[in-house]
Structures are given as C-alpha cells and as structure tokens.
Amino acid sequence: MRYFARRLLHGVFLLFGVSVLSFLFASLAPGSFFDEMRMNPQISPQTVAALRAQFGLDQPLPVRYVLWLQSVLHGELGFSFAYNSPAAPLLFVRARNTLALTASATLLAWLIAIPVGVWTAARKGSSADRVTSASTAVMLGVPDLLLALGLLLLAVRTGWFPTGGMVSPSFEAMRFGQKVKDVAAHLALPVVALLAGTLPVLVRHVRAAMIEVLDSTFIRAARGHGIPRQRLLFRYALPAAANPLISLFGFSVGTLLSASLLIEVVMSWPGLGPLFLEAILARDLYLVIGGVMLSTLFLLAGNFLSDVLLYIGDPRIRAQ
Amino acid sequence: MQRRKKLEGIVLVLAALHGVVLGAGFFAPYDTAAQNRALPFAHPTRLHFADARRKIHLRPFFYPWVPRAGVYGEYEENRSRPCPVRFFVKGTPYRIAGWLPARLHLFGADEPARIFLLGSDGYGRDLFSRVLYGGQISLLAGLLATGISIGLGLLLGALAGFYGGWLDEILMRGAELFLALPWLYLLFAIRAFLPLQISPAQAFLLLIVVIGGIGWARPARLVRGVVLSARERDYVKAARGFGASDIYLLRRHVLPQTFGLLLTQAAILVPQYILAEVTLSFLGLGVSEPVPSWGNMLANLQHYDVLASYWWMYLPGLLLVLFFLGYSALASALHERVGAVII
C-alpha cells in the first residue's frame, strides 16, 4: 500500500508542477482573448477592463493561480472566455470521446501485438518473421498525419466509412443497436490511423522481450519435459516476458495521446484535440491549461495502471 | 563487415536525399512563388516517348495542358504542340545555398509551356519545385531543433551527472516533468502562448527553439547515465589524481563516451522534429504561405474538394515518407553498431 501511496503522491506533485509551468508560460504570453475586443470601436476600453477584472485577469500572477486552484477544487478548472462557461464540462465531454478513441485503439493494438509478437519470436529468422519486421519498419516510416489523410481519401472515394465526426445527423432518432453501430463506423478510421502508429512499436517490443525469455534455461528445461509448444509460449514464456511490456503500456499512453490529438483534428473526431486547437487559436487561456492538465492526468492514470499491473504480476515488487 | 556496409549504404542514400533538397534551385524548374493562374490544379504532366506516328524519341516530350472548353478545372493535352523536355536549361535565377547566384536548372521546357512533374496547386504553382524548396524549410527545422535538443541535453546531462547533488536533483525532477507531458500537447501549449501573427522567418526561428527546447529531457537523461558511470572509471580517477581540471576531464574522457548514444538519439529525433514542424504548419501554427513547407503544402488537403478531387496534392507526403524510412533505418543501424561498441 505504501508503494501506491508513494506513486499517487508523486503523480499529484507532477500535476502541481505542470500547472505551475503552464501558468508561468501563460503569463509570459503576449496577447489575450480580449485583444480583439480592444480593436473594436464599439466596445469601450472601460468595458474591456471591466471584463478583465471580472475574470480576474488584472490580478498579479500568484493571485490568479490561487483563484484558479480554488476553481479546480470547485470542479470548474477555470473559465472559458469563448464559450462563456466553466471549462470543466466542456473538457469532460471531449475527454470522454478521446478516451473512447484511445482506449479502443490500445485494446486492439495489444490484442494484435501479443499474438503476432509471440508468433514471430517463436519463429525467429523465418521468412514470416522477416516479412513482419519489414512491414513494421515500413509502418513506422509513414507518419500518422499522412496515414490519416490517406484514410480520409479512402473514405471520400469509396463511401465505405463516414468522413468525420462521431455520429450521423440522424443519431438521435436511432434505436440503441443502431447507435452502437453508428459510433463504431465513425470510430473505425481514427482507430486504424492510431493503430498503424502504435502497433509496429508494440510488436517489436513483444518480439524482443519474448526472444530474450525463450533463450533462457528454464524454457529449455520446460521444452525438454515435452510441454506442448502452445502452452510453453503462452503459459510459461509470456508471463516471464510481461514485465517490460507492462511498463511499455504505461509509457505508450503518452505517445497515443499525442498521436490522437493530431488524428482527431484531421478526422474531426470531437475529442480534446480539436477543442484544444480551437482554444489555442482563440487564446482561450484556461481551456488550454485545462487541456494540458487533462492530458497529463490521462498519462499519469496510464502509468498508475501499469504500476498496479506490475504489482499484481510481479511478486518481486510486492516483496520490496 | 556487412553491418558496416549497410550503415554506409544508408548514409549514402540519406546524403543523396538531402543533396536533392539542398540543391532545390538546380533540381526544381520554377520559382516557388511563380503562379500560373490559367492552370490551377493541373494534373502531373504526362511524359511521352512515342509520338502520334509511333516514332520513338530518346528525348522525352509532353503535350502542354490546355483547359477543356466549357468546363472549369479540367484539362486536356494539346496534341498539336509537342514540347520536348530540355535538360540543363537557363531559367529563373536562384541562389546556391542562399548566396551564389545561378540560373542553371536540371530540366525545363520552352516558354510558355509549363512542365509540372507533380502537378500544380490552386494558384498554378509547380508542386515539384515547391516540394523541394519546402523540404529545405522542414529539414532545416528538424536538424536545427535536434541540434538544440542534443546540445541542451549534453550540457544539462553532463552537469547533472558530473556534479551530482542538488543540481542533479533539480535537473532530473525537471526532466521528469517534461517527460510526463504528452509532448504534442506540450508543444501546442507552448506554441499557444507565443504570438500567432508573425512573419514566416520569425515563425521558423520560433518553431526551432520551441521544438528543440522542449525535447531536452530525454537526451539529458541518457547523457547523465553515461556520465555517471564514466566518472567512476579508474582512468578518470587517475587523470583527476594527476590534477586534471573538470573541463578537461569532461572534454577528454567523459563526453566522448556519450557520442555514439547521442548520434543514435539524433537519428531518432530528426524525423520526429520534422514531423513536429509539419504538424504545426499543417494546423496553421507554424511557417505560413507563401513560403512553402511540407506542412503548409499538406494543409491544402484540409479542404474537402482538394482532398476528394486532386490526388496529386498528396505527393509532397511521399518525400516525407522517404526521409522517415531513411532515418529510421539509420537509427536502427546505428543502434546495432553503437550498442556493440559501448556495452
């Protein structure tokens, strides 16, 4: 338990650090949301000043930070100037969609990567192994931006998939089964785009970890006992190779979030990405900071989950 | 031996690719800003070797595009006027490496015909020329940003590893903070807090500094690890016993050990940073028109009609893929080689 408490505390410290860092950068930023109003001759400078005062922008930086911390404790995460509402509800809806996208991509990626990695490691040097490693190298060479654009082209040309968004216009009128199908159809292309970026990395790591374990003496002994190949690979070797893979899982959440930001924008998936970009262009300060905080939180949650899995899976960590 | 040959081959191919982009002025037939308003979104020019009477020519030729009568945006070949492709022609003036004036181009066509190897964009600008010149911006951004990251990482990692103590503690906590953030979000957030309307040159410098600056943490951690183990080696202790200064020790005995590691790291970072520039410019946060970069060229595809109708607007991306494949092959070859040397 002390182990988890320490990890959690560490996470809280990191979040704190990130928030201070974003506030520092934000205070250095030239321009604000109200600059365009200042240009507008119909809005008097007094009105702009009053608005700034209302949102606390005329206060010095530490005061603003404390005000923001208070609003975080109220579950508001600051105020969005552009939407004229607390930032939290805006962010949470989008974060849910991002989570749906990244979680399905992660799940699918591991479901594919583990069998493929184990299979190629068991047949190291065979032609199937070489074809797989060549194709992972090619997949790594195609940037996800291009891939997303290519998939969009496919959708436009063939009409097999919807070309963006999360639901069809007639979504509200659908029955439950149809709704699920509709979202799944919209989910397909962004998930494929995300998969293409993560899958090759995962396959390579699974393969490398498995090869290392398959070389060890206990596997040779088990093989000598005549344990069937399938059982040997998945019951004996895979759990022994799991440790670095679980760490990789925690690590890959960050990469996935970054990739997803871009793919969401290109494929107009209503996740955090498009909202974040919009907020940047509008100089919607607290929405930007909220986006950074939420993405960090996701990342920390991923790391924490992998810590928990390591704790369950590895008795050595429990003993410490 | 074979491994060494492989590495040399990869380096050669990459050098050739960089050479083509660096010599964009020579390889590209037109200036990046030269517009042909009568030829928006023209298909890639078709090169022919056999003429209407089935006679084979050694010199390739093409039929210039003419707008199809009555339809907007469609073209047909003007069969009555074959134009030969001319090699080593005098054309638009340019400067070699931004300095030496020159007029010689690898190929071109007699005026007023236009040769569009990769088609043209909405202003009738030659995509092939723009892709090469755009590569200069994108590649330079990637290389310089990598230089900044590696330089910062080397400096801070060496300080943290060599002196240890509170400095080490602070620097490594900072590195953790930077590594904890999803880096594209971090990049965007920092870009968000910088001015939006700036000239392409300013934007370029800003991009390099931001992209390179936020990437310091990983190289710094790697350098610190190597320095930590190197500083305890017997020969380093011996040199210290002979009265060598810290600077001398670092320069002569410790930092050379990080070299292979940093080279591999650089081969990983360059394509990543090129992509960062491409992404930011793609979303309108980086280098903007009329200066071409791979990112803002691909940005045209955000318009539905361009995406659906003009497939050749994707072609700039192919060059990006070539560079990516080259660098990832380089990184894995270096990794094999350096891994064998260091450990």
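Conventions and cut-offs
- Residues numbered from 1 in each chain as written.
- Chains lettered and ligands numbered in written order.
- Predicted model: local features only at pLDDT ≥ 70, side-chain atom pairs only at ≥ 80, totals over all residues.
- Helix = DSSP H or I, 4+ residues; strand = E, 2+ residues; numbered from the N terminus.
- Buried ≥ 20, exposed ≤ 12 C-beta atoms within 10 Å, placed from the backbone.
- Contact = placed C-beta atoms within 7 Å.
- Axes fitted to C-alpha atoms, helices over the stretch in contact; angles between N-to-C directions.
- Parallel < 35°, antiparallel > 145°, perpendicular 65-115°, else oblique.
- Left-handed = near helix turned anticlockwise from the far one by under 90°.
- Pairing = 2+ DSSP bridges.
- Nonpolar A, V, L, I, M, F, W, Y, C, P; charged D, E, K, R; others polar.
- pLDDT = per-residue confidence, 0-100.
- Core = buried A, V, L, I, M, F, W, Y, C linked by C-beta atoms within 7 Å.

Participant: Help me understand the overall build of chain A in this model?
Facilitator: Of the regular secondary structure elements, chain A holds 13 helices and two strands. Overall, chain A is about 85 × 55 × 40 Å in size when its C-alpha atoms are taken along their principal axes. Of all 320 residues assigned to chain A, the portion counted as buried reaches 35%. Long-range pairs, those at least 24 residues apart, make up 71% of the contacts in chain A between residues at least 6 apart in sequence.

Participant: I tried to follow the packing of helix H10 (residues 229-266) of chain A against helix H12 (residues 285-313) of chain A on my own but got confused; where do I start?
Facilitator: Geometry of a packed helix pair, given as the angle between the helix axes and the separation of the axes. Residue and element names in this part refer to chain A. Axis separation between H10 and H12 bottoms out at 9 Å; the angle between their running directions is 170°. Relative to H12, H10 is oriented roughly antiparallel. Of H12, the residues touching H10 (which contributes Ala-242, Asn-243, Ile-246, Ser-247, Phe-249, Gly-250, Val-253, Gly-254 and Leu-257) are Ser-295, Phe-298, Leu-299, Gly-302, Asn-303, Leu-305, Ser-306, Leu-309, Leu-310 and Gly-313.

Participant: I'm lost on the packing of helix H3 (residues 127-163) of chain B against helix H6 (residues 200-214) of chain B in this one. Help?
Facilitator: Residue and element names in this part refer to chain B. Direction vectors running N to C along H3 and H6 enclose 40°, while the axes themselves pass 8 Å from each other. Taken together, the axis directions place H3 and H6 in an arrangement best described as oblique. The interaxial crossing formed by H3 with H6 has right-handed handedness. Contacts between H3 and H6 involve Ile-137, Ala-141, Leu-144, Ala-145, Thr-146, Ile-148 and Ser-149 from the former and Phe-204, Leu-207, Ile-208, Val-209, Ile-211, Gly-212 and Gly-213 from the latter.

Participant: Just checking my understanding: could you explain the pairing of strand S5 (residues 83-96) of chain B for this structure?
Facilitator: The side chains of a regular strand alternate, first on one face of the sheet and then on the other. Residues and elements named next belong to chain B. Direction of pairing for strand S2 (residues 56-62) relative to S5: antiparallel, over a ladder of two bridges. Considered in S5, the bridge of Phe-62 is made with Cys-83. Bridging between S5 and strand S6 (residues 100-109) involves eight bridges; their strand directions are antiparallel. Considered in S6, the bridge of Ile-96 is made with Leu-100.

Participant: Quick question: what am I supposed to make of the interface of chain A and chain B here?
Facilitator: Where interface size is given, it is often the accessible area lost as the parts come together that is meant. Listed by partner, the interface residues are 37 residues for chain A and 31 residues for chain B. Looking at the side of chain A that touches chain B, the elements that each hand over two or more residues are helix H1 (2-28), helix H6 (127-141), helix H7 (144-158), H10, helix H11 (272-282) and H12 of chain A. Take the side of chain A that touches chain B: its biggest share by element is eight residues, from H1(A). For the side of chain A that touches chain B, the residue count by class is 28 nonpolar, nine polar and no charged.

Participant: Can you help me understand the confidence of the model for chain B in this one?
Facilitator: Do not read the predicted coordinates in detail wherever pLDDT is low. Residues and elements named next belong to chain B. The share of residues in chain B with pLDDT of 70 or more is 98%, and the mean pLDDT across the chain is 82. H3 holds the highest mean pLDDT among the elements of chain B, 90, whereas helix H12 (residues 304-309) holds the lowest, 76. Overall fold confidence for the complex sits at a pTM of 0.83, while the interface term, ipTM, reaches 0.78.

Participant: It is not clear to me how the nonpolar core should be interpreted in this structure. Could you clarify?
Facilitator: One recurring pattern in soluble globular proteins is that nonpolar side chains are buried together. In this structure, Ala148(A), Val266(A), Phe276(A), Val288(A), Tyr185(B), Leu187(B) and Ile211(B) are the most contacted members of the largest nonpolar core, which totals 163 residues. In terms of residues, this core owes the most to one element, H3(B), which gives 15 residues. Discounting residues that sit within four places of it in the chain, Phe276(A) has contacts with Leu261(A), Val288(A), Gly291(A) and Phe188(B).

Participant: Mind showing me how you'd approach the confidence of the model for chain A here?
Facilitator: The pLDDT averaged across chain A works out to 82; a share of 95% of its residues lies at or above 70. Within chain A, helix H2 (residues 35-39) of chain A has the poorest average pLDDT of any element, 69, and helix H5 (residues 87-122) of chain A the best, 88.

Participant: Looking at this structure, how should I read the sheet that holds S5(B)?
Facilitator: Within a sheet, each strand pairs with its neighbour through backbone hydrogen bonds, oriented either parallel or antiparallel. Residue and element names in this part refer to chain B. As summarised here, the arrangement of the four strands in space is S1-S2-S5-S6, forming an open sheet in which the pairing is antiparallel. Looking at the sheet topology across the chains shown, the edges are occupied by strand S1 (48-50) and S6. The sheet shows a mean angle of 35° between the axes of neighbouring strands, direction not considered.

Participant: Would you take a moment to explain the environment of Asn243(A) for this structure?
Facilitator: Residues and elements named next belong to chain A. By the secondary structure assignment, Asn-243 is in helix H10. C-beta crowding within 10 Å serves as the criterion here: with 16 such atoms nearby, Asn-243 is assigned to the partly exposed category. Between the C-alpha atoms of Asn-243 and Leu-111, which are 132 residues apart in sequence, the distance is 17 Å. In this view, Asn-243 contacts Leu-310 and Asp-314; residues no more than four positions away in its chain are not counted.

Participant: Is there a simple way to think about unusual backbone geometry in this case?
Facilitator: Residue and element names in this part refer to chain A. With a phi angle near 40°, Ser-268 is a residue other than glycine that sits in the positive phi range. By the element assignment, Ser-268 lies in the loop between H10 and H11. Since 17 C-beta atoms lie within 10 Å of it, Ser-268 is described here as partly exposed.

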